[in-house]
Every structure is written in C-alpha cells, then in structure tokens.
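Each chain is listed here by its residues.
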Amino acid sequence: LREASRALGKITATHLAEFAETTSFQRGLDLLGVRFFVHGNYLSDDQYRILAERGVGLVCCIRSGSTFGVRTPDLAHLDSLGVRFALGTDNTFTNTPDLFRELEYVTRDLIKRHGRLPITAERLL
C-alpha cells in the first residue's frame, strides 16, 4: 500500500487509537507509511514524540471523542511535544462537520483543562 500510494502521489492516513483497545501504531508508520493519523487518543508521550520526529501529523477529533466518552489528546501538550496536529470532525454519524463548532468546542476544552487558553487561536487553526 505504501509503495502504491506513493507511486500514485496519494497521501496515506488511517484511524489510530480511537478507543483504548485499539493499537496499530508501528504498523501504520512502517507498513503503511502514513502521512497522518486520525484520533491518537490513547498514544503514549513516546509515541507522540515519534510522530513529531517523523513529521507525521495527527488529526484530533475532540468533540467526536467526547461524544463517545473516550480520552482525547490535550492539544496544548501535543503542541509542547512538537506534534503537528489539525482539528477534525470525524464523521457525520457523530457530529455535523463544522470546523467552527470544533474550534469553539476545543477552545472550551482547553480552558477547562488548563484554566486558560494555553495556545494561540492561530495555532488551533
């Protein structure tokens, strides 16, 4: 898959660690050669550092994760580790795809976690 996607100029991505019992981190990096993962809710700090070192992005679906009651990444912590992240909406099953609502939700989530907005709004965008 890695070679085929590169030969066609396609970007490879996959969902990862959305729920606690799912892990395929190394397989996604090595076999698939992903450019970004979606979720990463249950990755360790060491795994986040590997993402940062390899330049692999992480699409974080904070509002969707909250809907399912799962742990979600602390975006300020990801930022401090150098992880390249983006906001995602997951899918229409859980949320209406609306990045403005995501931004509002994530801003409130960060303030709840830290008592203030620990990273700039520009970084969230």
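Structure shown above.
Residues numbered from 1 in each chain as written. Predicted model: local features only at pLDDT ≥ 70, side-chain atom pairs only at ≥ 80, totals over all residues. Heavy atoms only, no water.

Draft legend 1. Up close: the pattern of salt bridges. Across all of its chains, the model carries five salt bridges by this definition. Taking the shortest distance from any N to any O, the salt bridge between Asp79 and Arg123 comes out at 2.7 Å. Of this pair, Asp79 sits in helix α5 (residues 75-81) while Arg123 sits in helix α7 (residues 121-124), and the two are 44 residues apart along the sequence. Its relative accessible area of 29% is what places Asp79 among the partly exposed residues. The partner of Arg113 in a salt bridge is Asp109, with the nearest N and O atoms 2.8 Å apart. Here Arg113 and its partner Asp109 are both found in helix α6 (residues 99-114), four residues apart, which amounts to about one turn of the helix. Residue classification places Asp109 among the buried positions, given a relative accessible area of 14%. (Salt bridge = Lys/Arg side-chain N within 4 Å of Asp/Glu carboxyl O. Helix = DSSP H or I, 4+ residues; strand = E, 2+ residues; numbered from the N terminus. Buried < 20%, exposed > 50% of the residue type's maximum accessible area, 1.4 Å probe, protein only.)

Draft legend 2. Structural detail: the sheet that holds strand β1 (residues 13-16). Overall, parallel pairing links the four strands, which are arranged β1-β2-β3-β4 in an open sheet. Of all the strands in the sheet, the pair left with one neighbour each is β1 and β4 (85-87). Strand after strand, the sheet turns through a mean of 25° between neighbouring axes, direction not considered. Of the strand pairs in this sheet, strand β2 (residues 36-39) and strand β3 (residues 57-60) are connected by three bridges, and their pairing is parallel. Each bridged residue has a counterpart across the sheet, and for Phe37 the counterpart in β3 is Leu58. (Pairing = 2+ DSSP bridges. Axes fitted to C-alpha atoms, helices over the stretch in contact; angles between N-to-C directions.)

Draft legend 3. Representation of the nonpolar core. Residues Phe37, Tyr48, Leu51, Leu58, Leu75, Leu78 and Leu124 are the most contacted members of the largest nonpolar core, which totals 25 residues. Contributions of two or more residues to this core are made by α2 (25-32), α3 (45-54), β3, α5, β4 and α6. The element contributing the most residues to this core is α5, with four residues. Beyond its immediate chain neighbours, meaning those up to four positions away, Leu124 contacts Leu75, Phe85, Leu87, Leu103, Val106, Thr107, Leu110 and Ile119. (Core = buried A, V, L, I, M, F, W, Y, C linked by side-chain atoms within 4.5 Å. Contact = heavy atoms within 4.5 Å.)

Draft legend 4. Spotlight on the side chain of Ser64. Among the secondary structure elements, Ser64 is positioned in helix α4 (residues 62-68). Accessibility expressed as a relative area gives 1% for Ser64, which makes it buried. A polar atom in the side chain of Ser64 sits 2.8 Å from the side chain of Asp90. Ser64 has contacts with Thr89, Asp90, Thr94 and Asn95, leaving out every residue within four places of it along the chain. (Polar contact = N/O pair within 3.5 Å; in protein donor to acceptor, adjacent residues only side chain to side chain.)

Draft legend 5. Up close: the pairing of β3. Side chains Gly57 and Val59 of β3 all project onto a buried face; the interleaved residues Leu58 and Cys60 project onto the opposite face, where all are buried too. Note that the unit made of β2, α3 and β3 has a crossover that is right-handed. Sheet topology note: the β3/β4 ladder contains three bridges and is parallel. Residue pairing across strands places Cys60 opposite Leu87, the latter belonging to β4. (Right-handed = clockwise from strand over helix to strand, strands pointing away.)

Draft legend 6. Structural detail: α6. Look at α6: 22 Å from first C-alpha to last across 16 residues, which is about the 22 Å you get at 1.5 Å a residue. For α6, the complete set of buried residues consists of Glu102, Leu103, Val106, Asp109 and Leu110. Each buried residue of α6 lies within a common arc of 130° when the element is viewed along its axis, so the set occupies one face. What points out from α6, more than 90 degrees from its buried face, is the exposed set Phe100, Arg108 and Lys112. Each element contacted by the buried residues of α6 is listed here: α4, α5, β4 and α7. For α6, the N-terminal cap is Asp98; the gap from its side-chain oxygen to the backbone nitrogen of Phe100 is 2.9 Å. Positive backbone phi, at 80°, marks Gly115, one or two positions downstream of α6. (Expected span 1.5 Å × (residues − 1). Arc of directions from axis to C-beta.)

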